[in-house]
Amino acid sequence: MRLGKGRKSPDEMTFLEHLEDLRKRLFYSVVALLAGFVPGWIFSKDIYAILARPVTQYLPEGTKLAYTSLTAPFMLYIKVAFLGSLFLASPFVFLQIWYFVAPGLYQKEKKYVIPFVLMTTFFFSLGAAFGYFIVFPWACRFFLKIASDFQAVITVDQYFGLALKVLLGIALVFELPTLIFFLAKMGLVTAGWMIRNFKYAVLVVFVVAAVITPTPDVITQSIVAIPMLALYGLSILIALAVGHGREKARRRAEGSGQAG
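Okay, so let's go over this structure. Predicted model, so just to flag it, every value in this text is computed and none were measured.

Points about the environment of I78
- Its location among the elements puts I78 in helix α3 (residues 72–101).
- Residue class for I78 comes out partly exposed when judged on its relative accessible area of 21%.
- It is 15 Å that separates the C-alpha atoms of I78 and Y159, two residues lying 81 residues apart in sequence.
- The contacts of I78, once residues within four sequence positions are left out, are F37 and W41.

This is the structure we're talking about:
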């Protein structure tokens, strides 16, 4: 059926129309990222100083990160500017994701667009903050303590690559509650199913934590894994609430059908 303003449901859209819609959403997202690149570039040195703090705070005073090629600092500031742009434009990017999946939702479910954007932006930022303030400083201190007998020559390329992996990896993992909310709304997962598969979830959580965290020690991995398990627990509660809502809606629909 048509879903308002001339938009089609996924069943009515052809494969090429799906691709065209995806292309449009990607184009808008790229435009938003490019627009955010301008302030990101203006404040790139400030953003870099913030990103470097988790490691520089454990280095001797006055120590700076190194570079091994002439263009490395320039390329670093470009990457830093795009990283800042990503967080600045993230609400708009999440909105484009919503618009892409919206044709598959019922009309009454489309009212969740604002909660979706707010939830995804909040958990994305929360995950990045958790990685920056908790996980990454711990990892930097761990590595520098292991290498205390040596002279540290840390290049900006290596450091930024590691920071990007940790911050964005944890930020994406923190989107789990939002993902479960919409999967539950579509009836693809239930709280009971999540509880029954909790032991497998624990295994997956620790595997993901091992991939995200840069250190091999169990303590650092647990620092990431425990909040992930807490997010899984929160997701179970979210799925439970959504399930109750779906059940009430089903009963109301049956009651009105019988009354008719």
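Here we look at the nonpolar core
- Grouped together as the largest cluster of nonpolar side chains are 32 residues, with contacts concentrated most on Y48, L65, V135 and I170.
- When residues of this core are traced back to their parent elements, those giving at least two are α2 (44–56), α3, α4 (113–146), α5 (156–173), α8 (198–212) and α9 (218–259).
- When near neighbours in sequence (up to four residues on either side) are disregarded, I170 contacts G127, F130, G131, V135, I212 and V224.
- Core analysis: the second largest hydrophobic core is formed by 22 residues, I180, F181, F182 and A201 among them.

Some details on the environment of Y67
- For Y67, the location among the structural elements is in the loop between α2 and α3.
- Looking at Y67, the relative accessible area reads 48%, which means it is partly exposed.
- A C-alpha to C-alpha distance of 7.4 Å links Y67 and D157, two positions 90 residues apart in sequence.
- With residues up to four places along the chain from it excluded, the contact list for Y67 reads A72, P73 and V156.

Looking at the packing of aromatic side chains
- Scanning the entire structure with this criterion turns up 18 aromatic pairs.
- Taking 6.2 Å as the distance between ring centres and 25 degrees as the angle between the ring planes, the aromatic pair formed by F37 and W41 counts as stacked. Residue F37 and its partner W41 are both found in helix α1 (residues 15–42); the two are separated by four residues, about one turn of the helix.
- A centroid spacing of 4.8 Å and a plane angle of 85 degrees characterise the contact between F181 and F182, whose relative ring orientation is edge-to-face.
- What makes F182 buried here is its relative accessible area of 12%.
- Put simply, the rings of W98, Y112, F116, F181 and F182 pair up and form one aromatic cluster.
- Taking NZ or CZ as reference, R141 lies 5.2 Å from the ring centre of W138, over its face.

Some details on the side chain of S44
- Mapped onto the elements, S44 comes out in helix α2.
- Residue classification places S44 among the buried residues on the basis of a relative accessible area of 5%.
- Apart from the residues within four sequence positions on either side, S44 is in contact with Y77 and V80.

Conventions we followed
- Residues numbered from 1 in each chain as written.
- Predicted model: local features only at pLDDT ≥ 70, side-chain atom pairs only at ≥ 80, totals over all residues.
- Heavy atoms only, no water.
- Helix = DSSP H or I, 4+ residues; strand = E, 2+ residues; numbered from the N terminus.
- Buried < 20%, exposed > 50% of the residue type's maximum accessible area, 1.4 Å probe, protein only.
- Contact = heavy atoms within 4.5 Å.
- Core = buried A, V, L, I, M, F, W, Y, C linked by side-chain atoms within 4.5 Å.
- Phe/Tyr/Trp six-rings, centres within 6.5 Å; stacked < 30°, edge-to-face > 60°.
- Lys NZ or Arg CZ within 6 Å of the ring centre and 35° of its normal.

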